[in-house]
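Survey of secondary and tertiary structure
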Amino acid sequence: MTLRRTWRRAGGAATIVAALVLAGCSTRAPEPAAGGGGGQVATDVGVSAEAITLGVLTDTSGPFRNLGTGITQGNQLWADELNGRGGICGRKVELEVADSGYKADTATTVYRQQQPNVLGYLQLLGSPINAALRGNLETDEVTSLALSWSSFILDNPYQIIPGTTYDLEMINGLAYLQQQGLIADGDTLGHIYIGGEYGDNGFLGAQYYAQQHGMALQPAKVAAADTDMTNIVTGFQGAGVKAILLTTTPAQTASALNAASALGLNVPVVGNNPVFDPATNLAGPAAASVGNLYVVASSVPYSAEVPKAKEVQQAFEAKFPDAGKNYGVPYGYAGGLIWEQILTKACENGDLTRKGVHDAFLASQNITTGDLVASELDFSKAGSPPSRSVYIAQADPAQEGGLRQVVEPFTAAEAQAYKAPHQQGA
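Residues numbered from 1 in each chain as written. Predicted model: local features only at pLDDT ≥ 70, side-chain atom pairs only at ≥ 80, totals over all residues. Heavy atoms only, no water.

**Some remarks on helix H3 (residues 65–84)**
Within an α-helix, residues lying three or four positions from one another point in the same direction, as the helix has 3.6 residues per turn. Helix length check: H3, at 20 residues, gives a terminal C-alpha distance of 28 Å against a target of 28 Å (1.5 Å per residue), a fit within 8%. Across the 20 residues of H3, 14 count as buried, placing the element largely inside the fold. A positive phi of about 105° marks Gly86, the residue just after H3. (Helix = DSSP H or I, 4+ residues; strand = E, 2+ residues; numbered from the N terminus. Expected span 1.5 Å × (residues − 1). Buried < 20%, exposed > 50% of the residue type's maximum accessible area, 1.4 Å probe, protein only.)

**Considerations on the UniProt feature "domain: Leucine-binding protein" (unreviewed entry) in the protein chain**
Here, the residues flagged by UniProt with the feature "domain: Leucine-binding protein" (unreviewed entry) are residues 52–396. Overall, residues 52–396 shows 42% helix and 18% strand. The separation of its end C-alpha atoms is 40 Å. (UniProt positions renumbered as here; feature names shortened; annotations may be inferred.)

**Remarks on the domain arrangement of the protein chain**
In terms of domain boundaries, the protein chain breaks down into domain 1 (44–164 + 302–387) and domain 2 (167–297). Inter-centroid distance (C-alpha atoms) of domain 1 to domain 2 is 28 Å. Counting residues at the interface gives 16 residues for domain 1 and 18 residues for domain 2. In this assembly, domain 1 packs against domain 2 so that about 1400 Å² is buried in total across both faces, 63% of it on carbon and sulfur atoms. When residues of domain 1 are sorted by the area they lose upon contact with domain 2, Phe64, Phe152 and Tyr327 head the list and together hold 33% of the total. Counting across the interface, domain 1 meets domain 2 through 0 salt bridges. Taken together, the connections running from domain 1 to domain 2 amount to 5 residue pairs in polar contact (both at pLDDT 80 or more). (Domains from an automatic or database assignment. Contact = heavy atoms within 4.5 Å. Buried area = accessible area lost by both parts, 1.4 Å probe. Salt bridge = Lys/Arg side-chain N within 4 Å of Asp/Glu carboxyl O. Polar contact = N/O pair within 3.5 Å; in protein donor to acceptor, adjacent residues only side chain to side chain.)

**Re helix H6 (residues 166–179)**
With 14 residues, H6 should reach 20 Å at 1.5 Å per residue; the first-to-last C-alpha distance of 20 Å fits that figure. Counting buried positions over the 14 residues of H6 gives 13, a clear majority of the element. Gly181, located one to two residues past H6, shows a positive phi value of around 75°.

**Focus: the state of the cysteines**
Tallied over the entire structure, the rule returns 1 disulfide. Note on cysteine connectivity: Cys89 is disulfide-linked to Cys347, with sulfurs 1.8 Å apart. Looking down the S-S bond of the Cys89 and Cys347 bridge, the torsion is 105°, so its handedness is right-handed. Residue Cys89 is found in the loop between H3 and strand E4 (92–99), and its partner Cys347 is found in helix H12 (residues 328–348); the two are separated by 258 residues along the sequence. (Disulfide = S-S within 2.5 Å.)

In structure tokens form, the structure reads like this:
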């Protein structure tokens, strides 16, 4: 069975958008009906007597297509397993999947089609997509798992960040390098980052850590479509950098690593979670230059010895024997576990409306994922990252998924002390 055959498809977006505009319709959730769709639980959008429908708006054709595909396959594994246990509130979970291609305008159009049919989003992948839709999510009261790990969006109460944020990833990554003696106070570091929510947030973390340790940053802002990092890395060499920081696409990561290798610039490289894709970074000449790369992420690497990760690996390889392996698979499954706990709480409260689910999300503390995410998650503190812990892995072509975990879940003192942009209180 292929993944596509199990997903509900999205289509006719333009027609639906036009219909909404012409009719002057509000896209807000309708008034709930007690037991709507049957049973004793209040429901409104995306919930029937038989099913709970969640949206998946991912990237299967753009720069993060392999990661998006892995995450979506992990989402489906969770839904299948949950449904095998009877579902939630006596209802099966169905996924309505669509591709944005990592384009905000495409995502906006598809969202307008999907949202009248879904209770919430199990996956909303991409920083520009989450930035473009943040107002819609609030207006429509759609709780969504945002696969944009930017702390800049933590002021939106409808976006679930399933782990820590890009700024904290970078802080933890630099602290790990310093603990290993790979960088030192006063060093010069070069940072390549994509302009926008993703890159700017990673750079914010680098700035914080550099200030704490008297380090000098050589920033290089690029566009997501840029592919050749050679001139930037050459400049880094001239500046005497002791490490390279990446908040980039996998293709940009490959270019930077290849350039460093060609120049003989043998320094550690640390990147945020989206920088690595084994299909890109372990293919061709790129494979020979990945050894200096450390990837910092909330998600466990695919090959990790974590028991729950092993369970997910076995289920994945049984269902998708020919699919590519990356850390998106366990992360997609973890996203399902997060939603499962929120939905269970909403069910216990007798309220599976959008508002009931959102209230359950805001009250969620100690959300667990079987260690697929580096720590428990607390969504109850407005503006605060739900976690400050990460997994740190080193690129290793010998590992399935291409990453080897190098330390237990890691939280630097600097990460504990850091105050995120929208964090309230101390």
